[in-house]
Each structure stands twice: as C-alpha cells, then as structure tokens.
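Residues per chain are reported as follows:
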Amino acid sequence: MVQLVGSLRKELADSLSTCKVLVVGAGGIGCELLKNLVLTGFKNIEVIDLDTIDVSNLNRQFLFQKKHVGKSKAQVAKESALQFCPSASITAYHDSITNPDYNVEFFRKFMLVMNALDNRAARNHVNRMCLAADIPLIESGSAGYLGQVTVIKKGLTECYECQPKPAQKTFPGCTIRNTPSEPIHCIVWAKYLFNQLFGEEDADQEVSPDTADPEAAWNPEDTAARAAVSEKDGDIKRVSTKVWARSTGYDPIKLFNKLFKDDIMYLLTMDKLWKKRKAPTPLDWQQLEGNVSPNEEAPASGLKDQKVLDVWGYCQMFQDSVETLSSQLQEKGDDAELVWDKDDPPAMDFVTAAANLRMHVFSMNMKSRFDVKSMAGNIIPAIATTNAVIAGLIVLEGLKILSGEMETCRTVFLNKCPNLRKKLLVPCVLDPPSANCYVCVSKPEVTVKLNVQKTTVLSLQDRILKERFGMVAPDVQIEDGKGTILISSEEGETEANNNKFLSDFGIRNGSRLQSDDFLQDYTLLVNVLHTEELERDVEFEVIGEAPDKAPPPQSNQEEVNSITNGNKDSAQPSTSSKAEDDDLMIVDSDEEEVAASNSAAVATGTKRKYSETGESSAKRPRTDQSDAADDEDDIVALD
C-alpha cells in the first residue's frame, strides 16, 4: 500500500525535504512560487532577485507590504515565506543572477532551477548555466490573462534559445524611466507621460527618474534609503506630475525644461548607470530657441506624417500639443481626464514630440509621426490570479521531475478563453532540441552579416555578442593563424580596441571569430559576412533568422492527419482578444513574459498531431518563452 504524507507519496515527500532548489526572481510569479514551495514541503530553497520593492508591486505581490517598500524583494520574500513554514531553510540573495559568483559550480548544487524573470538576457543566461550544469530548468511567464510553463532539460528538450525570438515586447520600468536604449522605450515613456499629465494617473506608469533603480545602487541599504527619501530629491519636493503641471498652468516651456533638462540632469547624478552606457544630453528650451535660423524651412516634398523633423520642429509640436490638450482638459472641468487615442491628432502629436525629444536626449535616431503611431500599442495589465495559476503549474512540473517522471513533463499554456474543448489549460508534449540551435548543439556556430568598415569592436561586443547572443563576459579571438585577441573580459586589456573598426584588425568577408564566455561555459563561432547593403538603422543581421517563418510541413502525411476531436487548432490559445492583435504589450515591473507560441500556429495554419491524451506533439513555431517587461517575468508577442 502506498504511504502518503499529506497528498504526496512518502518517497516524494522525503525527497522534497532534502533536495535543494533555486528560484530566480521574487516578483509576481516568484512570490506565489515561493509560497507554494514551502507549503508543498520544500525545505531547502535559495532565491535571488536584484530588484527592490516598489509601491506599485503591492497589488499582486502578496509577500510584500507597504512597510517593505524600498527593501530587497528576495530578502522580504524569504522572511514572509518563512511565516508559512518556519522550519524551512531559505537563503536570499539581493543580486543579479549574471554576477560571476553564480557560476556553473553554484548551479550544480541544485536539483532543480525555477525561473520567474523579467527579461530575455537573464533568461538566456540561466538557460545556458543550467545546460552547462546539466540541471533541469522550469521556465515560466505571464502576460495579462495568458501564461506558460515549460521544462528544459539538456539533450531531451528544446532549450530556451532553440527557436528564434521576435523583438521583445515588454520592458522593465527602470529601462523606461532611466536607461532607454530603443525608440520603443521612448514611445512607451511618452504614452505614460500623457496619462500622468492629462489622463488617469497610474503608479505603474511613473515617468520621473527611478531613484530606487537596483542597477544604480547595488547595496540594499543604499537602495532602501533612496526609496525612503523618494518624496524629496535634493531640495525638490516630489508631487504628482499632474498637480505640478496644473500649478504651472500647463506651461509648455516649464514642462519641457522639467522633462528634458532637469530630470535628465538628475539622471546624470546616478553615475553608476553611465559607466558602460552613453550618458544622455539635457535639452534647454531657451538655448534651442536661440539656435534656430530664421530662414529655416521644412522641405515641402513628402507626406507630412512620414517626415522626421529636427529637434526644434519637435519642440514646437510639443508646445502646440500641450496647449491644445490643456485647453481640452480645462473645457471638461475640474478632475477631468483625457484618454489617449492614436487617432486623436493632438494626443498623437504629443506622444510623437515627447518620444522624439527623449530619443534625441539618449542619442537615438528620431522617428516620423507615422512610425511612432505604428509602434504604439496597448498596455497589458498584470493579473495576480494568472501569476498564481502559473506558479502552481511550476510546482506540479517540479514534482514530476523529482519523481523521476521527466517523460510526463509538459509545456502548459494558460489561455484567456476556453478552447474548443472548453479548456483554459492546454498541455503540449515537449519538443526535442533543435539541430539549428546556436546554444545547445555540440558546436554552436552562426553567420552574421555586417559592414566590417562601419562596425566597431565595442558594437560587436555589446550589440551582437551581449545583446543579441546573450553573452555576459565574452572573450573574442580572430581565427587568423595568429590567435589575435580582439576582446578580453579582463578589464583594461583590450579597451583600446573599442572604437576601432573590425576592418582595422584584418577582419573581412569570410573571417571567423571564436567567442568564449567562461562564466557560461559557452563557445560560439561567428562567421563574418561583409556587406554594404544593410537597411537604414540596421547594424547587423543574423543569417537564417526568421522568427515568423512557419515550420516546414510534416513529411508523414498520416501523422499530419491524425488529429483527435476533429479540430487541429483545439489546443491553441485564443487569438480573439484585442490585446493579442496589438503590436506592443507592456507588463508591469514584476510580471513575466509568456511564450504564447501556439498562437503562431493559428496564423500559419500549422497542422497538429495529438497524442492519446489529446496533447499537442507538433512542432510549434515559438515566439518567446518569457521576456516580460517591467519586472521579473517575460512576455510573448502574439500575432
């Protein structure tokens, strides 16, 4: 007779009390997961998170209270979880998982790793560390009412990077407020600004510099201190953005100097942010106005919406739109609010002007009104119950792994609407590793198309190896027969190379670069394909990359037609909601990005084969498994 301890077999319950697990992320999903783990019987848990608690987290991260604002998420989550089970042993790290201290040996001490992250870079890194350590990884994500959980095991399943990912659709709050690096970051900021000035204020849509940015203050005490005095910055009393704007009579010039001069100068005082980034350049209205040539006229040719104006042109658009919107607000009366609509000319002009001015401040190429309008999309709210469901599914998959039943593990999708079989939760058979993956194959290799005469060594390091291929500290050697070291992870060794072009080192069409990341125990061979015909604003292309490409048709026609219940799409997430049709999804700073890959099959008409249990075993054209936005989980782009 099977012995039970609670609802678990005695052997499994004993295993839970002794095995050591790692939770990466202590936000939306992480809080629910930590609580579930201790209540299930896990006794040895380590949790790591770089972030600190913000007041906007309190509506869904239930291990935190108002008194915890400004403190380490990992530390407070540990303390709160121990109240459920005081006998558990929980170790908390207020740190980044990419810190070299957390090397392969660190990961090898765990039987299981569970991700609850908020960005693709960290997900890529944990994926590689678990592959190197040969430790099972449970990946997860949520976006509004959608969610996903999947299991990754070296040699048995696809890794997180096996399928190409589309551009990230969600972004951390500190990126939006402090360190934008792409035009979309500035557009999201401008939409937030519209609501702060003219619409319904939302604590999750703050636009002022984030004084508690964990990257700017690594010491937990320093971060807590910053948050504690967040109502005062120097001698400036912090009040509601809308209240302050009303006190100025919505003076466009005062608003401009506050947003693009004073706030930027304040950001510059957070010097840790600019050690490895180009610092922003403040703008001053009076100075810009004085530099305008009286004979300057905009070119007459071309459609108005498709023109990219100069800085002063966007200054004037900002001024005109603020005056128009403030008049509309005044006509509506006290406590009135405006709703942003991309088809409302003054609202669209405001977002276009504010976004482009911020792009200029952060040294990005400005965009036309047409481009800004096409990039602006909906914001997906964070749903606490979605996080709770996903956290429960993570634990269930973990129990299968610890029971030695890896073959029963599944990728599980949480849908917004029931499918044709009236199910919200849809399990799918795990896919095997991709033969074309540049991470988990035995000898990873990629071909990159770029202009060797225009691409600098620093761009190769930061934009290609770190940002695109997820390396943390790459070492690069040219395969030229001499073993020339192009990039060294040792500080100061090759910094003199940073601003030189690849062609200065004899790199040309057909050159091969060996890139090693010793922290990740990962080597990537990069084949260089020189070209002078890249599109405007495109620095490089990865050959063979096609995130939206449908998978090839099944070779076995009988298998293709072997569909139960008479419907090939019955296991797919709903694609009927408006949010899924929009170009942009933003999840709050501690939500997760979900890989709603099955949605791609809806668009491509991919046929599926179901097993006897009704689970999809067809190859799925994945989007992203979890790259969320603002916080610690990720989200997927839906077609």
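Rules used in this analysis
- Throughout, residues of each chain are indexed from 1 in the direction in which the sequence is written.
- Only residues with pLDDT of at least 70 are given local features in this predicted model, and only at 80 or more are side-chain atom pairs given and counted; all residues enter the totals for whole chains, interfaces and linings.
- Calculation of side-chain values draws on the structure's entire complement of heavy atoms; hydrogens and water are dropped beforehand.
- UniProt positions are given in the numbering used here, feature names are shortened, and annotations may be inferred rather than shown by experiment.
- Only protein chains enter the calculation, and the probe is 1.4 Å; a residue is then buried if its accessible area is under 20% of its type maximum, exposed if over 50%, and partly exposed in between.
- Secondary structure counts use DSSP, requiring at least four H or I residues in a row for a helix and at least two E residues in a row for a strand, with both numbered from the N terminus.
- Residues are treated as being in contact if the distance between any of their heavy atoms lies within 4.5 Å.
- In this description, strands pair whenever DSSP reports at least two bridges between them.
- Orientation is described by lines fitted to C-alpha atoms, with helices fitted over the stretch in contact, and by angles between N-to-C directions that extend from 0 to 180 degrees.
- When a carboxyl oxygen of Asp or Glu is within 4 Å of a side-chain nitrogen of Lys or Arg, the pair counts as a salt bridge.
- Take the buried Ala, Val, Leu, Ile, Met, Phe, Trp, Tyr and Cys residues and link them wherever side-chain atoms come within 4.5 Å; each set so joined is a nonpolar core.
- The criterion for a disulfide is a pair of cysteine sulfur atoms lying within 2.5 Å.
- Excluding any residue in a salt bridge, patches collect residues exceeding 30% relative accessible area, merging like charges within 9 Å and nonpolar Val, Leu, Ile, Met, Phe, Trp and Tyr side chains within 5 Å.
- Calculation of accessible area relied on Shrake-Rupley with a 1.4 Å probe; when residues are assessed, cover is drawn exclusively from the protein chains displayed.
- An angle counts as roughly parallel when it lies under 35 degrees, as roughly antiparallel when it exceeds 145, as roughly perpendicular when it falls between 65 and 115, and as oblique in every other case.
- Handedness of a crossing is defined here by the sense of rotation of the near helix relative to the far one, left-handed for an anticlockwise turn of less than a right angle and right-handed for a clockwise turn.

Under an unreviewed UniProt entry, the name given to the chain is SUMO-activating enzyme subunit 2, and the organism recorded is Nothobranchius furzeri. UniProt's Pathway (unreviewed entry) comment on the chain is quoted here verbatim: "Protein modification; protein sumoylation."

Draft legend 1. Here's a closer look at helix H16 (residues 457-468). Buried within H16 are the following residues: Val457, Ser459, Leu460, Gln461, Ile464 and Leu465. Along its buried surface, H16 packs onto strand S13 (445-450), strand S14 (475-478), strand S15 (484-487), strand S16 (512-517), strand S17 (522-530) and strand S18 (540-542). Note on H16: the residue one or two positions beyond its end, glycine 470, has a positive phi of about 70°.

Draft legend 2. Representation of the sheet that holds strand S12 (residues 425-429) in the model. Read from one edge to the other, the open sheet built from eight strands follows the order S5-S4-S3-S6-S7-S8-S11-S12, with strand pairing classed as mixed. Lying at the two open borders of the sheet, with one neighbouring strand each, are strand S5 (89-93) and S12. Ignoring strand direction, the axes of neighbouring strands in this sheet form an average angle of 15°. Bridge count between strand S3 (residues 20-24) and strand S6 (residues 112-115): four bridges; the pairing is parallel.

Draft legend 3. Highlighting the pattern of salt bridges. Taken as a whole, this structure holds 19 salt bridges when the rule is applied. A salt bridge links aspartate 14 to lysine 10; the shortest N-O distance between them is 2.9 Å. Note that aspartate 14 and lysine 10 are positioned in helix H1 (residues 10-18) at a spacing of four residues, about one turn of the helix. Given the relative accessible area of 36%, aspartate 14 is considered partly exposed. Its relative accessible area of 32% is what places lysine 10 among the partly exposed residues. Here glutamate 105 makes a salt bridge to arginine 108, at a shortest N to O gap of 2.6 Å. Linking glutamate 105 with arginine 108, this pair stays in helix H4 (residues 104-108), spanning three residues, or about one helical turn.

Draft legend 4. Focus on the sheet that holds S16. Across the sheet, six strands lie side by side as S15-S14-S16-S17-S13-S18; this open sheet has mixed pairing. Since the sheet does not close on itself, it has two edges, and those belong to S15 and S18, each with one partner. In this sheet, neighbouring strand axes are inclined to one another by 30° on average, regardless of whether the strands run parallel or antiparallel. Relative to S18, S13 runs antiparallel, the two being bridged by three bridges. Paired with valine 448 across the bridge in S18 is valine 542. Of the strands in this sheet, S13, S14, S15, S16, S17 and S18 are in contact with H16, which crosses S15 at around 70°.

Draft legend 5. Region of the structure containing the UniProt feature "active site" (unreviewed entry) in the chain. The UniProt record marks Cys174 with the feature "active site" (unreviewed entry), using the residue numbering of this structure. For cysteine 174, the position within the fold is in helix H6 (residues 173-177).

Draft legend 6. Structural context of the nonpolar core. Within the largest apolar cluster, 55 residues are counted, with the highest numbers of intra-cluster contacts made by Trp189, Phe198, Phe256, Phe260, Phe318, Phe350 and Leu357. The leading source of residues in this core is helix H7 (residues 183-198), at 11 residues. Core analysis: the next-biggest nonpolar cluster, separate from the first, contains 52 residues, Phe107, Leu117, Val452 and Val542 among them.

Draft legend 7. Inspection of the state of the cysteines at higher detail. According to the stated counting rule, one finds zero disulfides in the structure shown. Cysteine 159 carries a free sulfur, and the closest cysteine sulfur to it, the one in cysteine 437, is 3.6 Å from it.

Draft legend 8. Quick look at the pairing of strand S11 (residues 410-414). Across the five residues that make up S11, a large majority, five, are buried. As judged from the five bridges shared by S11 and S12, these two strands associate in the antiparallel manner. Counterpart to phenylalanine 413 in the pairing with S12 is valine 426.

Draft legend 9. Inspection of unusual backbone geometry at higher detail. The phi dihedral of aspartate 134 falls on the positive side, at around 55°, and the residue is not glycine. Along the chain, the position of aspartate 134 falls in the loop between helix H5 (120-133) and strand S7 (137-143). Accessibility expressed as a relative area gives 39% for aspartate 134, which makes it partly exposed. Despite not being glycine, aspartate 521 has its phi angle at roughly 55°, a positive value. Within the element layout of this structure, aspartate 521 appears in the loop between S16 and S17.

Draft legend 10. Broad picture of a nonpolar patch on the surface. On the surface, Val389, Leu424 and Leu425 cluster together to form a nonpolar patch covering roughly 210 Å² of accessible area. Along the chain, leucine 425 turns up in strand S12. The exposure class of leucine 425 is partly exposed, given its relative accessible area of 36%.

Draft legend 11. Broad picture of the UniProt feature "binding site: Zn(2+)" (unreviewed entry) in the chain. UniProt marks Cys159, Cys162, Cys437 and Cys440 with the feature "binding site: Zn(2+)" (unreviewed entry), using the numbering shown here. In summary, the annotated positions, though distributed over 282 residues, converge in three dimensions, the widest C-alpha pair being only 8.4 Å. As for its position among the elements, cysteine 159 is in the loop between strand S8 (146-152) and H6. Those residues in contact with cysteine 159, other than ones at most four positions away along the chain, are Asn127, Leu131, Ile152, Cys437, Val439 and Cys440. Along the chain, cysteine 162 falls in the loop between S8 and H6. Beyond its immediate sequence surroundings of up to four residues, cysteine 162 is in contact with Pro433, Ser434, Cys437 and Cys440.

Draft legend 12. Quick peek at the packing of H7 against helix H13 (residues 345-361). Orientation of H7 relative to H13, taken along the N-to-C sense of each, is 130°, at an axis distance of 8 Å. Compared by their axis directions, H7 and H13 come out oblique. As for how H7 packs across H13, the hand of that crossing is right-handed. Two secondary-structure elements touch here, H7 through Pro183, Cys186, Ile187, Trp189, Ala190, Lys191, Leu193, Phe194, Leu197 and Phe198 and H13 through Ala347, Phe350, Val351, Ala354, Ala355, Arg358 and Met359.

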